[in-house]
Amino acid sequence: MQILKSTPKQDGFYMPGEFEPHVGCWILWPERKDTWRLNAKPAQKVFAEVAITISKFEQVTVGVVNKEYLNARKMLPGNIRVVEISYNDAWVRDNGPLFIKNNRGEKRGVVWNFNAWGGIDSGLYYPWDQDSLVAEKILSIEKIDYYKPGIILEGGSIHVDGEGTLITTEECLLNKNRNPDLSKDEIEEILCEYLNIEKIIWLKRGVYNDETDGHVDNLCCFIKPGIILLTWTDDKNDPQYEISLNAFERLSRETDAKGRKFEIHKILQPKPLYLSKEEASGLTIGETSKLRLPGDRLSASYINFYISNKGIIMPKFNDHYDNLAKRKLKELLPDYKIYQIYTREILLGGGNIHCIVQQIPF
Ligand code: KQY
């Protein structure tokens, strides 16, 4: 496929909101043993459940490394396309392309550089050479031309409303471990040009102890233009309290690209969750990957859900607030079917449902 030398803004392409119609989505199959305990078997069951649930609403493609192909093929029904592809880990929200479209419904991709959430000194593993090729491989399978802005960016670090507004965090995008040579203004310029954005809203930090350096997709999201869900706690002693309060205050002061004030809904987080001794002992310790230790706080948030065509696939933590979060989504999105999946095995790898799916707009 072709690498385009112009920019999406020049060509009239933009990134639609996730809540807009999709032709389908991609997921990658988990297999590395220093992220996914017990040879990734428990995580594979949950990834399969997520893929099967999304496939009720849209076409799902699962990318899988060659040695796992048969296993994945057996665990997934025939309506899910399974294709062989190499990668270092299964977070296609971050190593995959972002898909953009124009008003005629033509599609293109944006391929960012990837450094495993922070590069050699503070990233989560080394090497990430195969992750770096995932986006271009997906676009070539999908037969879609693309742009390459030449900066590090993960899909989970931004959310857009499809009408000119982008939300992100300073903790991630201004982190010295991403694009140390670019100023905030330069980063803004690239986002505006390559995602066709008019207004960027900078929140300070993402969810407490999020190993991505504060991806916004775990903290808050758009469910429609102007309507934001924000993870929340009323416990002033929880370090998440200050983070959510600060985000709430910034969002409350802001307007979006169309000049609208935001309607912000607080979604209470589950009670703090930690990696257990037994879970940590099921991991193979990698020499060049992040150590996951018993007692580590997990960055659990209901916000990390996926919006498919008329379906919401959201995490469940077997917590007191599971039902409340689900009810709130149903109330706000009455036309959607809401599925909750117990995703602790994805959470143990440092993310949740949104982080493992990449949508292709209609
Ligand atoms: O937030 C996301 N988009 C992905 C989480 C990646 C975790 C890496 N272990």
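Refer to the structure printed above.
Quick caveat, the model's predicted, so the values are computed rather than measured. (Residues numbered from 1 in each chain as written. Predicted model: local features only at pLDDT ≥ 70, side-chain atom pairs only at ≥ 80, totals over all residues. Heavy atoms only, no water.)

On to the site of the ligand. Near the ligand you find 15 residues, and of these D94, E211, H215, G349 and C355 are the closest. D94 places a side-chain nitrogen or oxygen 3.2 Å from a nitrogen atom of the ligand. Within the side chain of D217, a nitrogen or oxygen atom sits 3.1 Å from an oxygen atom of the ligand. When the ligand is considered free in solution it has 300 Å² of accessible area, and contact with the protein chains removes 99% of it. Considering only residue class, the shell around the ligand consists of four nonpolar, six polar and five charged. (Near = heavy atom within 4 Å. Polar contact = N/O pair within 3.5 Å; in protein donor to acceptor, adjacent residues only side chain to side chain. Areas by Shrake-Rupley, 256 points an atom, 1.4 Å probe, with all protein chains shown as cover. Nonpolar A, V, L, I, M, F, W, Y, C, P; charged D, E, K, R; others polar.)

Here we take up the nonpolar core. Counting 52 residues, the largest nonpolar core has I27, V50, I54, L76, I346 and V357 as the members making the most contacts within it. Those elements that place two or more of their residues in this core are β2 (22–28), α2 (41–54), β3 (59–64), β4 (81–84) and α6 (131–142). The biggest single contributor to this core is α2, with seven residues. Listed in part, the 43 residues of the second largest apolar core include L203, F222, F262 and F317. (Core = buried A, V, L, I, M, F, W, Y, C linked by side-chain atoms within 4.5 Å. Buried < 20%, exposed > 50% of the residue type's maximum accessible area, 1.4 Å probe, protein only. Helix = DSSP H or I, 4+ residues; strand = E, 2+ residues; numbered from the N terminus.)

This paragraph deals with the environment of T212. Structurally, T212 is set in the loop between β10 (199–203) and β11 (220–224). Judged by its relative accessible area of 7%, T212 is buried. Separated by 56 residues in sequence, T212 and G156 have C-alpha atoms that sit 8.8 Å apart. Within polar-contact distance, the side chain of T212 engages the backbone nitrogen of H215 at 3.0 Å.

Moving on to the layout of surface pockets. Space inside the largest pocket adds up to approximately 230 Å³. Lining the largest pocket are 17 residues, and of these N209, E211, K290, D296 and R297 lie nearest its centre. Grouping the amino acids of the lining of the largest pocket by side-chain chemistry returns six nonpolar, three polar and eight charged. (1 Å grid on protein atoms, 1.4 Å probe; cavity = no way out; pocket = protein on both sides within 12 Å on 5 of 7 lines; lining within 4 Å. Points joined across faces, edges and corners; volume = space filled by probe spheres on them.)

A few words now on empty space enclosed by the protein. This model, assessed by the stated rule, comprises seven cavities of 30 Å³ or more. Estimates place the volume of the largest cavity at around 90 Å³. W91, W117, L124, E211 and G349 are, among the 14 residues lining the largest cavity, the residues nearest its centre.

Read from one edge to the other, the open sheet built from four strands follows the order β1-β7-β6-β5, with strand pairing classed as mixed. Every other strand in the sheet has two partners, leaving β1 (3–4) and β5 (98–101) as the edge strands with one partner each. (Pairing = 2+ DSSP bridges.)

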